[in-house]
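For reference, the chains in residue letters:
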Amino acid sequence: MIKITSFVLKIASRCNLNCSYCYMYNLGDKTYLNQPKFMSIETIEAFANQFKLHSNMTGIKYAQIVFHGGEPLLLNPEYFKNCVTIIRETVPNVEFSFTVQTNGVLLNQEWFDVFKSHEIRLGISLDGPKKYHDEYRVFHNGKGSYDDVVKGFKLAKENGFVAVLMVLNPELPAKEFYDEIKKLEVESLNLLLPDGHYDQLPFGIDKLRFGEDSYTPYADWLIELFQIWKKDIDRPVIRFFEDLIEMLLGGNYSGNQNFGKKQNGVVVIETNGNIEVVDSLRASFEGITRNNINVHTNKIQDIFKDDIFDIYYNSHEKVCEKCLNCPVYDICGGGFLGNRYALKNGFDNPTIYCKDIIRLLSHIQNDILETLPDYTSDKLEVEPLSYEWMMGELKNQGEELINKQVKEKLISFKQSH
């Protein structure tokens, strides 16, 4: 039986920042304008009741709830107290992990008192030194948010909250970025590749060089950061690297929506109560996540009637033929579904980050092997990877596939005439 154990509650559909790369507001989808600005307590109650039915039916004992937006802290602390209390009291047989993902601008001590008393974790978005952060993460009047975010982050550290989320920017020198997180004493960090697809490439990619095998700006940046990070004895946790290392070494971690072979069991609840696929897919085309499934009228498992959710849930299995034949497919998993989109053929493509991921994985695996004794390497049965060889193999397979498709079309044409 299919279980959903991770829910993103989009409790605010508006934001006090206007980040240029934001999939919610600046990549083409304007459907948020038709939604309530905030999620009502009645919708929280409806969600809790539907989750109770879902947990009773599936036997779920643990679930993750992420309060998200827009900017969730546009609501007040009392609202969060009510949300957590309603969910826990409605479903007492399930252990919940609550997290708030915020831009950090509105943080004050009252918030941390509530977070601590109600066991709510915190993630803060910060995009490097002031010069770079303020280029993208701005208020609606164009003013940069760095000073406000750092003030909130420092208060978070004083209260024992240390997790940071950063959208990767290859124009920011990796050394400057690492110096910044060390200066701020960041203890836990995760990195996100920017949203985008074949018809809307993300910032940091030169469209003229996009097709070149030697052009891997994101891998180059990540490799430089990896080398700096691994040499630092007192290094912070960078989940992006640690997750990939565990998968490369055959550990228990099976991946997430960006990597690996794990099914993507994340569901979004919108401010109006709609049960939808993960909202970052909105960067693909307007309305892609929208449906008529709602916690006020539907069961949670009704989301599996949504074709887009089915594709997302199984996206690491439903990959193009090129991915299936790739040597690092088990680790990459085809990448994030939204990064595969193209107007001409939907999701039937490798991720736009294909070359970057292959180069990065080959570098990390080879780096690990170089540090291990021979007998350990032999026991792992892992061999060095050559980026150039893998790209050559994929090109050959691509040409064979094209030739096969041409032949099939010719046969079909002859049979029909």
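Just so you know, these numbers come straight off a predicted model, no measurement behind them.

Undergrad: Hey, could you run me through the packing of helix α7 (residues 217–231) against helix α8 (residues 239–248) in this one?
TA: Two packed helices can be described by the angle between their axes and the distance between those axes. At a minimum axis separation of 11 Å, α7 and α8 run at an interaxial angle of 90°. Our classification of the angle between α7 and α8 gives roughly perpendicular. Side by side, α7 and α8 meet where Leu222, Leu225, Phe226 and Trp229 of the first sit next to Phe240, Phe241, Glu242 and Ile245 of the second.

Undergrad: Honestly, the pattern of salt bridges in this entry has me stumped. Any pointers?
TA: Oppositely charged side chains may form a pair once their charged atoms are brought near each other. Counting across every chain of the model gives 18 salt bridges. Two residues, Glu119 and Arg88, come together in a salt bridge whose shortest N-O distance is 3.6 Å. Residue Glu119 is found in the loop between α3 (109–117) and β4 (120–125), and its partner Arg88 is found in helix α2 (residues 77–90); the two are separated by 31 residues along the sequence. For Arg88, a relative accessible area of 27% puts it in the partly exposed group. The partner of Lys175 in a salt bridge is Asp179, with the nearest N and O atoms 3.0 Å apart. Of the two residues, Lys175 and Asp179 both sit in helix α6 (residues 174–183), four residues apart, roughly one turn of that helix. You can call Lys175 partly exposed: its relative accessible area is 45%. Through salt bridges with shared partners, one network takes in Glu270, Glu276, Arg282 and Arg290.

Undergrad: I'm lost on the sheet that holds strand β8 (residues 266–269) in this one. Help?
TA: Strand pairs in the sheet, formed through backbone hydrogen bonds, run parallel or antiparallel to each other. The strand order across the open sheet built from nine strands is β7-β6-β5-β4-β3-β2-β1-β8-β9, with neighbouring strands paired in mixed fashion. Either end of the sheet is taken by a strand with one partner, and the two such strands are β7 (237–238) and β9 (275–276). Summarising the sheet, strand β5 (residues 163–167) and strand β6 (residues 188–192) pair through five bridges and their orientation is parallel. Bridge pairing links Met166 to Leu191 in β6. The sheet contacts of helix α1 (residues 41–58) involve β1 (6–10), β2 (62–68), β3 (95–102) and β8, and relative to β1 the element is tilted by about 170°.

Undergrad: When you look at the packing of aromatic side chains in this model, what are you seeing that I'm missing?
TA: Each aromatic ring pair is characterised by the separation of its centres together with the angle its planes make. Using the criterion set out here, one finds 30 aromatic pairs in the structure. Between Tyr21 and Tyr136, the aromatic rings sit 6.1 Å apart at their centres with planes inclined by 50°, giving tilted as the arrangement. Placement of Tyr21 in the loop between β1 and α1 and of Tyr136 in helix α4 (residues 130–136) is noted, with a sequence separation of 115 residues between them. An angle of 45° between the planes, with centres 5.5 Å apart, marks the rings of Phe285 and Tyr341 as tilted. Of this pair, Phe285 sits in the loop between β9 and α9 (307–313) while Tyr341 sits in the loop between α11 (329–332) and α12 (354–371), and the two are 56 residues apart along the sequence. Taken together, the aromatic side chains of Phe7, Phe47, Phe51, Phe67, Tyr79, Phe80, Phe96, Phe98, Trp111, Phe112, Phe115 and Phe161 make up a single cluster linked through ring pairs. The residue whose ring lies beneath Arg235 is Trp229, and the NZ or CZ to ring-centre distance is 5.3 Å.

Undergrad: Any chance you could explain empty space enclosed by the protein here in plain terms?
TA: One way to see where empty space is left: roll a probe the size of a water molecule over the atoms. Scanning all chains against the criterion turns up five cavities of 30 Å³ or more. Of the voids in this model, the largest cavity is the one considered here, and its volume is about 90 Å³. As for the largest cavity, its lining consists of 13 residues, and the residues nearest its centre are Cys323, Cys326, Cys332, Cys354 and Ile358. Of all the elements in the fold, those that place two or more residues in the lining of the largest cavity are α10 (321–324), α11 and α12. Sorting elements by how many residues they give to the lining of the largest cavity places α12 first, with three residues. In terms of residue class, the lining of the largest cavity is built from ten nonpolar, two polar and one charged. Leu193, Tyr218, Leu222, Phe240, Phe259, Tyr353, Asp356, Ile357 and Leu360 are the residues that line the second largest cavity. Counting only elements with at least two residues in the lining of the second largest cavity, the list comes to α7 and α12. A per-element tally of the lining of the second largest cavity places α12 first, with three residues. Split by residue class, the lining of the second largest cavity holds eight nonpolar, no polar and one charged.

What counts and how
- Within each chain, residues carry numbers counting from 1 in the order of the written sequence.
- Where local features are concerned, this predicted model is filtered to residues with pLDDT of at least 70; where side-chain atom pairs are given and counted, the filter is 80 or more; whole-chain, interface and lining totals use all residues.
- Processing note: side-chain calculations cover all non-hydrogen atoms of the structure and skip hydrogens and water entirely.
- Each axis is a line fitted through C-alpha atoms, and for a helix only the stretch in contact is used; angles between axes span 0 to 180 degrees, taken between their N-to-C directions.
- Runs of E in the DSSP output that reach at least two residues are strands. Runs of H or I that reach at least four are helices, and both are numbered from the N terminus.
- These descriptions rest on fixed angle ranges, namely under 35 degrees for roughly parallel, over 145 for roughly antiparallel, 65 to 115 for roughly perpendicular, and the rest for oblique.
- The criterion used for residue contact is that any of the two residues' heavy atoms lie within 4.5 Å.
- The salt bridge definition used is simple: a Lys or Arg side-chain nitrogen within 4 Å of an Asp or Glu carboxyl oxygen.
- Residue burial is assigned from relative accessible area. The probe radius is 1.4 Å, only protein chains are included, and a residue is buried under 20% of its type maximum, exposed over 50%, and partly exposed in between.
- Pairs of strands are assigned from DSSP output, requiring at least two bridges between the strands.
- Here is the rule: rings of Phe, Tyr and Trp (six-membered ring for Trp) pair when centre to centre is within 6.5 Å. Planes less than 30 degrees apart are stacked, more than 60 are edge-to-face, and the remainder are tilted.
- Cation placement over rings: the criterion is NZ of Lys or CZ of Arg within 6 Å of the ring centroid and within 35° of the ring normal.
- The rule is simple: put a 1 Å grid over the protein atoms alone, call a set of points where a 1.4 Å probe fits but cannot get out a cavity, call an open set with protein on both sides within 12 Å along at least five of seven lines a pocket, and count a residue as lining if it has an atom within 4 Å of a point.
- Grid points are joined across faces, edges and corners, and a volume is the space filled by probe spheres set on the points.
- Polarity classes work like this: nonpolar for Ala, Val, Leu, Ile, Met, Phe, Trp, Tyr, Cys and Pro, charged for Asp, Glu, Lys and Arg, and polar for all others, with Gly in that last group.

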